[in-house]
Amino acid sequence: MTDKIFNYIFLIFIIFLTNNCWAQKAQSDSILNNFLSHQVGSRACVKASEKIVSDIGDSYNFYNEDLKSKIEDNGHKKNPEIVAHYYYLIAYSHFLKEEDIDAVKNFLTALNFVDSTKNNYLRYSIHFRLANSYARIQFYTKQDHVYHKALYHYNIAIPIIEKLSENSSDLITIYTLIAHAYHGIKEFEKSESYYKKAEDIALKSNNSKAVVRSILNRGNLYLRYKHHIKAEQSTLKAFAIADSIDYPLGKAYCQINLCQINAELLRFESSLKYAQLAHKESEIHDLPYIKFRSNQEQAKIYTKLKKYDSAILYYNKCITNLSSHPNQFYLKKVLSELAEIYSIRGEYKNANKHLSQYLHLNDSLNNIDYKKRIKVAESIHQHEATVFKNKLLEKENTLHEVELKMSKLILLSALALIFLLVISYIIQSRAKNKYKSLSKKILTQKNIISSQNNEIIAKNKDLNDYKINLEKLVEERTLELKEALNMAQESNQFKNAFLENISHEIRTPMNAIIGFTELLEFADENEFKHSIDLIIQNSEELLETVEGLVEIAKLKTSIKQLSLTTTESTYFNQAIFNYVSILKSEIFKEKATLTVELSHFDGTITTDINKLCRILKNLLDNAIKFSPKGNVNLSSFDYGDEIEFIIEDDGIGISPEKLNDIFGIFRKFEVKQNPHRGIGIGLSIVDKLIQKLDGSMTVESELNKGTKFSFRIPKNLIAE
């Protein structure tokens, strides 16, 4: 019953929209009737409301505060989906008018009211349109990091629409836009894969035109990166499909692409042929853009062939095309090319004329583009300033409340003092006039009042001290909150890094275990033994990965405690030697030569031997990874109150620019000549364990010559 009431509130909002644009009322009635029959959040509901907003245009003022407050007051508590849909329509109206900053703000507000556990079409549309707005902002600001925001929201929208599976065209569209975004930030392989996904969906849904567009997009991608053979193959494939389904626009685009490919391969005759075919297609089916492009490509080819009369003829045709369908960007290019041709021919008057037109148009376009960038930058700055100002006001309000309380206390104290002084004066006056004989008692009373005054002054001093202490306490609490915020941000970064790195390193050995387990059913004796060995090897790798993650998590949360033992030096060295011998048989095998030289020292050592062994294991394991056929040396030295351990190898070494990053969590530095598994936490565990043991570490390395890790720990560690 409650949901129906809020649905009616939202329907009243839509009716209000429609009644404020009488010119479109008749056109919107059928869409409104369709909207009334659907539930808020469904595809039909979203599409119907988008159509109404699109038809209304600027006729409705979306900032009607009365309606806005009613919907927020009623919907926020019981049905936030209605509020989310309301903000989505506000954002969508800005999106249609290319007011992308306002669109982003309202899309983000809409997300605050959407249930993140619901995979409905409204949540998909918010993320999808928000990503489109970020993509357009990037076009104006030329800041590639904005593309990453767009990709973030595209990637949230994908699983929602995949689960809904209501319309394959939505999937094709979002895959294509993601491919465009990766194309924009020059990530070729990702762009190619998403164009391929769009093509696969189009094939499954028998959407032949979408298939043509997807293959053609891949052809454009190959052409941009000069993969001419792949570009030509993809474009010819797209052309064949477009020809079979009689898709004139697709055929024309394919012919333009083939013209460009052949021109770059210096096959000018074939290039001219495709340009002429595209021009013929544009004449038959009235395709103005194709007509312009075919004339432009022919002009470029004649310029390369130094047939300047023909080039000038076709560039003038381009200008004629643009007069009926203006595009200042294309006109600028044409004027530049004409000026260059006239300059080559020595016709400097014509060259100067076209160059002047080009410069004037270029200044105009740059000015417009600059104003757009400034507007976007100012909007972003204003939004950030508003957020900062609100936080500052909150802090000032808190301090103001504290000061107000202190002022009230001081005022009450002052009033009490004034009251006592008045009473004292009255008593003294009456005593002088009526009771002169009681002068001693009056003097005593005066002394009492004076004592009370001193107490009040002392209390005032205490209050001032309390105020100072309170200010210090506020400052300390502020610092604690900042530290807590930094810790939360660090934990969030750790979580993100963990999710990005762990999937592959757990899935790889698991896939190997599952795969070789399935092969056991059909394996002969030799293959059976080999499969068992591989299963055991991958199980051990998986166990080592999980143990490393558990250990880094314990170190990260300070759960891992020290277990201190006191050992004679002889037994200590023997324990280390025995442990390293076990490691040698496990991880070195025939891969490399391990040399152990432990110095003798007197007395005892108090430390956590288990953690020390873990440090040595991680460092030796790291050394063997990067010097599989070389030599590894472990040695120790006595420095009085400290012991130094050194692990040296003659492996591939570490470049100087990477030395500062090797102890970070999930840091991996792969090399082609020595690929290996791992999630990049071994050296991070070493660093944290050495800190636990109150020690210090240094590292020296030279590329292609080897690496030297040195760390010192105290002989007698004191428990915390």
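Residues numbered from 1 in each chain as written. Predicted model: local features only at pLDDT ≥ 70, side-chain atom pairs only at ≥ 80, totals over all residues. Heavy atoms only, no water.

Considering the overall build of the chain
- A count of helical and extended segments in the chain gives 23 helices and seven strands.
- A sequence separation of at least 24 residues applies to 66% of the contacts in the chain between residues at least 6 apart.
- Carbon and sulfur atoms make up 54% of the accessible area of the chain, which amounts to about 41700 Å² in all. (Helix = DSSP H or I, 4+ residues; strand = E, 2+ residues; numbered from the N terminus. Contact = heavy atoms within 4.5 Å. Areas by Shrake-Rupley, 256 points an atom, 1.4 Å probe, with all protein chains shown as cover.)

Describing the packing of helix 5 (residues 80–96) against helix 6 (residues 100–113)
- Between helix 5 and helix 6, the least distance of the axes is 8 Å, while the angle of their chain directions is 170°. If you check the angle between helix 5 and helix 6, you find them roughly antiparallel. Here P80, E81, V83, A84, Y87, Y88, I90, A91, Y92, H94 and F95 of helix 5 come into contact with helix 6, specifically with D100, D102, A103, N106, F107, T109, A110 and F113. (Axes fitted to C-alpha atoms, helices over the stretch in contact; angles between N-to-C directions. Parallel < 35°, antiparallel > 145°, perpendicular 65-115°, else oblique.)

Notes on the packing of aromatic side chains
- Within the structure shown, the criterion is met by 17 aromatic pairs.
- Ring plane angle 55° and centroid distance 5.2 Å describe the contact between Y121 and Y124, whose orientation is recorded as tilted. Of this pair, Y121 and Y124 both sit in helix 7 (residues 121–141), three residues apart, roughly one helical turn. Here Y121 matches Y124 in class, with each residue buried.
- A ring pair is formed by Y124 and F128, whose centres lie 5.6 Å apart and whose planes are at 15°; its orientation type is stacked. Remark: F128 and Y124 occur in helix 7; sequence separation between them is four residues, near one turn of the helix.
- Its relative accessible area of 2% is what places Y124 among the buried residues. (Phe/Tyr/Trp six-rings, centres within 6.5 Å; stacked < 30°, edge-to-face > 60°. Buried < 20%, exposed > 50% of the residue type's maximum accessible area, 1.4 Å probe, protein only.)

So, the nonpolar core
- Core analysis: the biggest nonpolar cluster contains 67 residues, and Y88, F107, Y124, I174 and I178 have the highest contact counts within it.
- Excluding residues that lie within four positions of it along the chain, Y88 makes contacts with V46, E50, F107, A110, L122, S125, I126 and R129.
- One finds I647, I685, L693 and L717 within the second-largest nonpolar core, a separate group that totals 35 residues. (Core = buried A, V, L, I, M, F, W, Y, C linked by side-chain atoms within 4.5 Å.)

A closer look at the sheet that holds strand 7 (residues 706–714)
- The mixed open sheet is built from five strands, whose spatial order is 2-4-5-7-6. The two strands at the open ends of the sheet, each matched to only one other strand, are strand 2 (593–598) and strand 6 (696–702). Within this sheet the neighbouring strands show an average axis-to-axis angle of 10°, counted without direction.
- Bridge analysis of strand 4 (residues 631–639) against strand 5 (residues 642–649) gives eight bridges, and the strand direction is antiparallel. When the sheet's bridge partners are listed, Y639 is paired in strand 5 with E642. (Pairing = 2+ DSSP bridges.)

A look at the environment of A238
- You can see A238 is positioned in helix 12 (residues 228–244).
- Not counting residues up to four positions away in its chain, the partners in contact with A238 are V212, I215, L216 and C254.

Observations regarding the pairing of strand 7
- Most of strand 7 sits inside the fold, with seven of its nine residues counted as buried.
- Here eight bridges tie strand 5 to strand 7, and the two strands are oriented antiparallel to one another. Across the sheet, residue D649 finds its bridge partner in strand 7, namely T707.
- By the bridge criterion, seven bridges tie strand 6 to strand 7 in an arrangement that is antiparallel. Within the sheet, the bridge partner assigned to T698 lies in strand 7 and is S710.
- Hairpin connection between strand 6 and strand 7: a loop of three residues separates the two successive antiparallel strands, and N704 in this loop has a positive phi of roughly 70°.

Comments concerning unusual backbone geometry
- Residues other than glycine seldom take positive phi values, yet N206 does so here, at roughly 55°.
- Note on placement: N206 falls in the loop between helix 10 (188–204) and helix 11 (208–224).

Details of the environment of E568
- Mapped onto the fold, E568 is located in strand 1 (residues 565–568).
- Considered as a pair, E568 and I605 are 37 residues apart in the sequence and their alpha carbons are 6.5 Å apart.

Describing the side chain of H183
- One can find H183 in helix 9 (residues 168–184).
- What makes H183 buried here is its relative accessible area of 15%.
- Polar contacts involving the side chain of H183 include one to the side chain of R224, which spans 3.0 Å.
- The contact partners of H183, leaving out residues within four places of it in the chain, are S191, Y195, L221, R224 and Y225. (Polar contact = N/O pair within 3.5 Å; in protein donor to acceptor, adjacent residues only side chain to side chain.)

Here we look at the pattern of salt bridges
- Here the structure, examined in full by the defined rule, presents 19 salt bridges.
- When the shortest N-O distance is used, the salt bridge between R218 and E199 registers 2.5 Å. One end of the pair, R218, is in helix 11; the other, E199, is in helix 10, and 19 residues separate them in sequence. The two residues R218 and E199 agree in class, both being buried.
- Note that K715 and D638 form a salt bridge whose closest N and O atoms lie 2.7 Å from each other. Here the residue K715 occupies a position in the segment after strand 7, and D638 occupies one in strand 4, the gap between them amounting to 77 residues.
- Among the charged side chains, a salt-bridge network with shared partners connects E199, R218 and K237. (Salt bridge = Lys/Arg side-chain N within 4 Å of Asp/Glu carboxyl O.)

Re the confidence of the model for the chain
- Of all residues in the chain, 71% have pLDDT values of 70 or greater, and the mean over the chain is 76.
- Below pLDDT 50 for its whole length, residues 20–37 participates in 29 contacts with residues either more than four positions away or in separate chains.
- Residue range residues 60–67 is modelled with pLDDT below 50. Its contacts to residues more than four positions away, or to other chains, number 16 contacts. (pLDDT = per-residue confidence, 0-100.)

Observations regarding helix 5
- Between its terminal C-alpha atoms helix 5 stretches 24 Å, which fits the 24 Å expected from 17 residues at 1.5 Å a residue.
- Within helix 5, 15 of the 17 residues are buried, which leaves it mostly tucked inside the rest of the structure.
- Positive backbone phi, at 60°, marks E98, one or two positions downstream of helix 5. (Expected span 1.5 Å × (residues − 1).)

Overview of the environment of L583
- On the secondary structure map, L583 appears in helix 21 (residues 569–588).
- Classification of L583 as buried rests on a relative accessible area of 2%.
- Note: C-alpha distance between L583 and L616 (33 residues apart in sequence) is 9.6 Å.

Some remarks on the side chain of T607
- By secondary structure assignment, the location of T607 is in strand 3 (residues 604–607).
- By relative accessible area, T607 is classed as buried at 1%.
- When neighbours within four sequence positions are excluded, T607 is seen to be in contact with S563, L564, T565, F572, L693, I713 and L717.

Remarks on a nonpolar patch on the surface
- A cluster of nonpolar side chains, L411, L412, L415, I418, F419, V422, I423, Y425, I426 and I427, forms an exposed patch at the surface whose accessible area comes to about 970 Å².
- Note that V422 resides in helix 18 (residues 348–434). (Patch = residues over 30% accessible without salt bridge, like charges linked within 9 Å, V, L, I, M, F, W, Y side chains within 5 Å.)

Section: the packing of helix 13 (residues 248–264) against helix 14 (residues 268–285)
- Relative orientation of the contacting elements helix 13 and helix 14 amounts to 160°, with a least axis distance of 8 Å. Viewed along their axes, helix 13 and helix 14 adopt a mutual orientation that is roughly antiparallel. For the pair helix 13 and helix 14, the sense of crossing is left-handed. Taken together, the residues of helix 14 that come into contact with helix 13 (itself represented by P248, K251, A252, Q255, I256, L258, C259, N262 and A263) are F268, S270, S271, Y274, A275, L277, A278, E281 and H285.
- Counted by class, the contact of helix 13 with helix 14 contains eleven nonpolar, five polar and two charged residues. (Left-handed = near helix turned anticlockwise from the far one by under 90°. Nonpolar A, V, L, I, M, F, W, Y, C, P; charged D, E, K, R; others polar.)

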